[in-house]
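Coordinate analysis (summary)
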Amino acid sequence: MWRYLVGAGGALLLVVAGLFLFRGSASTGNSLPKAPVAAIASETEQDVPGEPPSAAAKTREQKRFDRIDKDKNDGISKDEFFALRRKLFARLDTDRDGKLSFEEWSVKAVERFAGADKDKSGVLTRAEFATTAVKRKPKPRCVCAPAGAKAQTPAAQDAADDSEG
């Protein structure tokens, strides 16, 4: 029983100490001086252009909607919706029988396999399989300066590197 009383007393002491620390470290005063109003007014009048730049008029979804809405009546009919699907189906149905075989449907994969199989054995070796990997664009390298350092352009950084060494 005495353990519970000691634990409760310790918890109460921690709460009280926390309140004192919290109130002691919080500052209520504003440490930044106010900027002169005249200086701000003169700077804003010179630097602000007449019209703010405007965003793009149409979003991606609006452009997609407009591509499908062929008669431009702000509505997509069933025929308009399925016209794109029919066009894509017709492109894949190479033998024009109205049915997609697995080979027709997976034509890109079949072409990739055939292109990678250099010895035309019907089996991909490890070296041949490595050529089927998707080629990804490299991410651009960050040329940002570390926090606290002056920002430099890549050309200025190269010139600084040349002068050091």
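Keep in mind that what you see is a predicted model, and the values were worked out from it rather than measured.

1. A few points about the overall build of the protein
A count of helical and extended segments in the protein gives 8 helices and 0 strands. If you list the helices and strands of the protein from N to C, you get α-α-α-α-α-α-α-α. By residue count, 6% of the 165 residues in the protein fall in the buried class. Roughly 15700 Å² of accessible area belongs to the protein as shown, and the carbon and sulfur atoms make up 62% of that amount.

2. Section: the packing of aromatic side chains
Within this structure, the stated rule accounts for 2 aromatic pairs. Here Phe81 and Phe82 contribute two aromatic rings whose centre-to-centre distance is 5.2 Å and whose plane-to-plane angle is 85°, an arrangement assigned as edge-to-face. Since its relative accessible area comes to 37%, Phe81 is described here as partly exposed. Plain terms: the ring middles of Phe102 and Trp105 are 5.9 Å apart, the flat faces sit at 45° to each other, and that makes the pair tilted. Here Phe102 pairs with Trp105, and both are found in helix α5 (residues 102-105), just 3 residues apart, close to one helical turn.

3. A closer look at the environment of Phe81
Its place among the elements puts Phe81 in helix α4 (residues 78-92). The sequence separation of Phe81 and Asp69 amounts to 12 residues, and the corresponding C-alpha distance is 8.1 Å. Apart from residues lying up to four places away in sequence, Phe81 is in contact with Ile68 and Ile76.

4. Considerations on a positive patch on the surface
A contiguous patch of positive charge, built from Arg60, Lys63, Arg67, Lys70, Lys72, Lys87 and Arg91, is present on the exposed surface. Residue assignment for the positive patch shows that the elements contributing at least two residues are α3 (60-68) and α4. The biggest single contributor to the positive patch is α3, with 3 residues. Residue placement: Lys87 occurs in helix α4.

5. Some details on the side chain of Thr132
Mapping Thr132 onto the fold places it in the loop between α7 (126-130) and α8 (154-164). Accessibility expressed as a relative area gives 16% for Thr132, which makes it buried. Dropping the residues within four chain positions of it, Thr132 is found in contact with Arg112, Ala116 and Leu124.

6. A look at a nonpolar patch on the surface
Taken together, Phe89, Leu92, Leu100, Phe102 and Trp105 make up a surface patch of nonpolar side chains, about 500 Å² in accessible area. Given a relative accessible area of 33%, Phe89 falls into the partly exposed group.

7. Looking at unusual backbone geometry
Phi angles above zero are rare outside glycine, and Lys72 is one such case at about 55°. Mapped onto the secondary structure, Lys72 falls in the loop between α3 and α4. Among the residues examined, Lys72 registers a relative accessible area of 54% and is labelled exposed. Even without being glycine, Lys120 reaches a positive phi, approximately 55°.

Reading the values: rules and limits
- Residues numbered from 1 in each chain as written.
- Predicted model: local features only at pLDDT ≥ 70, side-chain atom pairs only at ≥ 80, totals over all residues.
- Heavy atoms only, no water.
- Helix = DSSP H or I, 4+ residues; strand = E, 2+ residues; numbered from the N terminus.
- Buried < 20%, exposed > 50% of the residue type's maximum accessible area, 1.4 Å probe, protein only.
- Areas by Shrake-Rupley, 256 points an atom, 1.4 Å probe, with all protein chains shown as cover.
- Phe/Tyr/Trp six-rings, centres within 6.5 Å; stacked < 30°, edge-to-face > 60°.
- Contact = heavy atoms within 4.5 Å.
- Patch = residues over 30% accessible without salt bridge, like charges linked within 9 Å, V, L, I, M, F, W, Y side chains within 5 Å.
- Salt bridge = Lys/Arg side-chain N within 4 Å of Asp/Glu carboxyl O.
- Lys, Arg positive; Asp, Glu negative; His and termini not counted.
- Charge placed at Lys NZ, Arg CZ, Asp CG, Glu CD.

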